[in-house]
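Below, each chain spelled out in residue letters.
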2 protein chains.
Amino acid sequence: MNSKSSFRIDPMTKTLPIIDTVSALRQQVNAWRTQGHTIALVPTMGGLHEGHLSLVDLALQHSDRVIVSIFVNPTQFAANEDFSTYPRDIKTDAKLLQQRGAHLIYKPLSSEMYGAHETTRVIVGKIAQGLCGTSRPHFFEGVATVVCKLLCQASPDVAVFGEKDYQQLLVIRTMVRDLSIPTKIIGGKLIREADGLAMSSRNQYLTKSQRSKAPLLYKALQQVVDIVEKGHSVSQSIKAAKSQLTNQGFVVDYLELRDADTLDLVNKDTRPDARLRIFAAASLGKTRLIDNLAVSNLEP
Amino acid sequence: MNSKSSFRIDPMTKTLPIIDTVSALRQQVNAWRTQGHTIALVPTMGGLHEGHLSLVDLALQHSDRVIVSIFVNPTQFAANEDFSTYPRDIKTDAKLLQQRGAHLIYKPLSSEMYGAHETTRVIVGKIAQGLCGTSRPHFFEGVATVVCKLLCQASPDVAVFGEKDYQQLLVIRTMVRDLSIPTKIIGGKLIREADGLAMSSRNQYLTKSQRSKAPLLYKALQQVVDIVEKGHSVSQSIKAAKSQLTNQGFVVDYLELRDADTLDLVNKDTRPDARLRIFAAASLGKTRLIDNLAVSNLEP
């Protein structure tokens, strides 16, 4: 094995090495392992922003070598969703990753992820139901399946996922635990713009007017969290927050208080010591935004 | 890590080392890898017979160290099936494996395979439909899920499965390919008793009278294969073979000619160069027997 031949600066972006096959990925991972390095994977769909880059920082804290995968995963998009328009700009992404200190970009060919006869799906069960699992019924099946493939392809010691997609993080933790995948899953904090809007690749879809309204979603979550922490009625405050968002032009998919570990809805059966978290999804025009916020101060 | 402490002759069976946790398994596998050894896994549910032991032989040809897992997997049994009565005799199994040259028995605790909150399932799709997938609707979901766990736990270079469970072998090959699991799957030939009965742990359920009739299933397959190889009508010969079996007291679940690679039913659209295989499942009393036989002489 000639590890150097598979680890060259990409000639098109002139930044990091970019590889696109499982065999080249495994060759590089094996070479690093032989050198005694630990390896992290940061799975992304590209369209990178500070949220993703903070995950690269976290990955660098936990391992010697950081692979960032960039793959817009078709199985997690429904037919009416934005698969074809999702941001794809490898030159910008590669430059950002180089600046941040990542070591390798894995941008697999579609055929490496979904071969012609591919039929297998990973179904994670209860934790994938409710919230985004209700409005996007095949979303978590697509996410779990592609992440399972990526983890089996890269065999990383750790993999890093953002808390912006909090339910997704729990789905992946559940899958990795249940299937005994030998990778440690690390969650990275949600990163916000200065005005509070949760960073997302989809924010660039927003018109100027929508962009100015978008931080109201976070403000609505903050309001509910304040009320809950003061011990006041949750249902009233959620109802009020939803109304405010609707009045401002949002179409609210959900705004719900849930157990941060089980994602069970909070009700009279909720353990008194449960960590709580408020979750929201709402659309402005065609752009779907999600956000979440911890309630108790137990959250680190 | 003290690899010796986890690799002792089992004090109860006085044969091979037997370990029952993922962490002990990984400790041993890592120790072997450090020593430069390649590793094979032979997944079984115990009740070992010459069919299983031939898979150990095959595993020894392909790797330096052979782990045999013994786990009666609850998720592949329906409520009315024989989970509780399935043969469990670790002393006999361990002695047979020692004689055959296996290196380690992995007999995981139930909690290592299915934790209290476990919910994830691997669904392999089309190849798991039809044949046993019709009469045992959750069977292959349970098989794929438990094999995915075992492969992630042991990280073997190769894993060996028998062609007795031919559809199961294809389900596992499909899962491993689709999820990019870094293990090579090797199929081992079906082993028969002297009178032609395919070896199975379930054969010990048969009464003396049933046991004497059981080889008729293989004879029925042979008859159909003869007819097909002579170019005569398949449907007539299958109908005749089913009638004969029914007259002898079998309850026939299926007896079908299929493409050996895709498991598609053979019809006018079947490629002329397709490898064909005949598959059967039939019960004698409460005991379900399965068997299969290659048609073309392309089969090695």
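Residues numbered from 1 in each chain as written. Chains lettered and ligands numbered in written order. Predicted model: local features only at pLDDT ≥ 70, side-chain atom pairs only at ≥ 80, totals over all residues.

Peer 1: Can you break down the domain arrangement of chain A residue by residue, with the values?
Peer 2: Residue and element names in this part refer to chain A. For chain A, the assigned domains read domain 1 (18-188) and domain 2 (201-294). One C-alpha centre belongs to domain 1, the other to domain 2, and the line joining them spans 26 Å. Elements represented by at least two residues in the side of domain 1 that touches domain 2 include exactly helix H5 (132-135) and helix H7 (166-178). The dominant element in the side of domain 1 that touches domain 2, judged by the number of residues it contributes, is H7, at 3 residues. Per-class residue counts for the side of domain 1 that touches domain 2 are 7 nonpolar, 5 polar and no charged. (Domains from an automatic or database assignment. Helix = DSSP H or I, 4+ residues; strand = E, 2+ residues; numbered from the N terminus. Nonpolar A, V, L, I, M, F, W, Y, C, P; charged D, E, K, R; others polar.)

Peer 1: So what's going on with the interface of chain A and chain B? Which residues, and what values?
Peer 2: Taken together, the contact between chain A and chain B spans 23 residues of the former and 23 residues of the latter. Only strand S5 (121-123), helix H6 (139-154) and H7 of chain A provide two or more residues apiece to the side of chain A that touches chain B. Ranked by residue count, the leading element in the side of chain A that touches chain B is H6(A), at 4 residues. Residue composition of the side of chain A that touches chain B, by class: 11 nonpolar, 7 polar and 5 charged. Bridging between S5(A) and strand S5 (residues 121-123) of chain B involves 3 bridges; their strand directions are antiparallel. (Contact = placed C-beta atoms within 7 Å. Pairing = 2+ DSSP bridges.)

Peer 1: How would you sum up the nonpolar core? Please name residues and give values.
Peer 2: Grouped together as the largest cluster of nonpolar side chains are 172 residues, with contacts concentrated most on Val171(A), Leu217(A), Ala280(A), Val171(B), Leu217(B) and Ala280(B). With near-sequence residues (within four places) excluded, Val171(A) lies in contact with Val124(A), Ile127(A), Ala128(A), Phe140(A), Val143(A) and Ala144(A). (Core = buried A, V, L, I, M, F, W, Y, C linked by C-beta atoms within 7 Å. Buried ≥ 20, exposed ≤ 12 C-beta atoms within 10 Å, placed from the backbone.)

Peer 1: Please set out the packing of helix H2 (residues 50-62) of chain B against helix H3 (residues 90-100) of chain B residue by residue, giving values where relevant.
Peer 2: For any two helices packed against each other, the geometry comes down to the angle between their axes and how far apart the axes lie. Residue and element names in this part refer to chain B. It is at 10 Å that the axes of H2 and H3 come closest, and there the two elements cross at 35°. Remark: the crossing between H2 and H3 carries right-handed chirality. Counted together, Leu53, Val56 and Asp57 of H2 and Leu96, Leu97 and Arg100 of H3 form the full contact between these two elements. Looking at the contact of H2 with H3, its residues break down into 4 nonpolar, no polar and 2 charged. (Axes fitted to C-alpha atoms, helices over the stretch in contact; angles between N-to-C directions. Left-handed = near helix turned anticlockwise from the far one by under 90°.)

Peer 1: Describe in detail the relation of the copies chain A and chain B, supporting the description with residues and values.
Peer 2: Superposition of chain A onto chain B requires a rotation of 180° combined with a translation of 0.0 Å along the rotation axis, giving an RMSD of 0.0 Å. Taken together, the turn and the small shift mark the pair as related by a two-fold rotation axis. In terms of proximity to the rotation axis, the leading residue of chain A is Val122(A), whose C-alpha is 2.3 Å off the axis. An overlap of 100% is found between the interface residues of chain A and their copies at the interface of chain B, pointing to a shared contact surface. (Least-squares fit on C-alpha atoms with pLDDT ≥ 70 in both.)

Peer 1: Could you give an account of unusual backbone geometry, naming the residues involved and the relevant values?
Peer 2: The phi torsion at Leu263(A) lies on the positive side, around 65°, for a residue other than glycine. Looking at the element boundaries, Leu263(A) is found in the loop between strand S8 (251-259) and strand S9 (276-284). Here Leu131(B), not a glycine, exhibits a phi torsion of approximately 50°, which is positive. With respect to the helices and strands, the residue Leu131(B) is situated in the loop between S5 and helix H5 (132-135). Leu131(B) sits in the buried class, given 24 other C-beta atoms within 10 Å.

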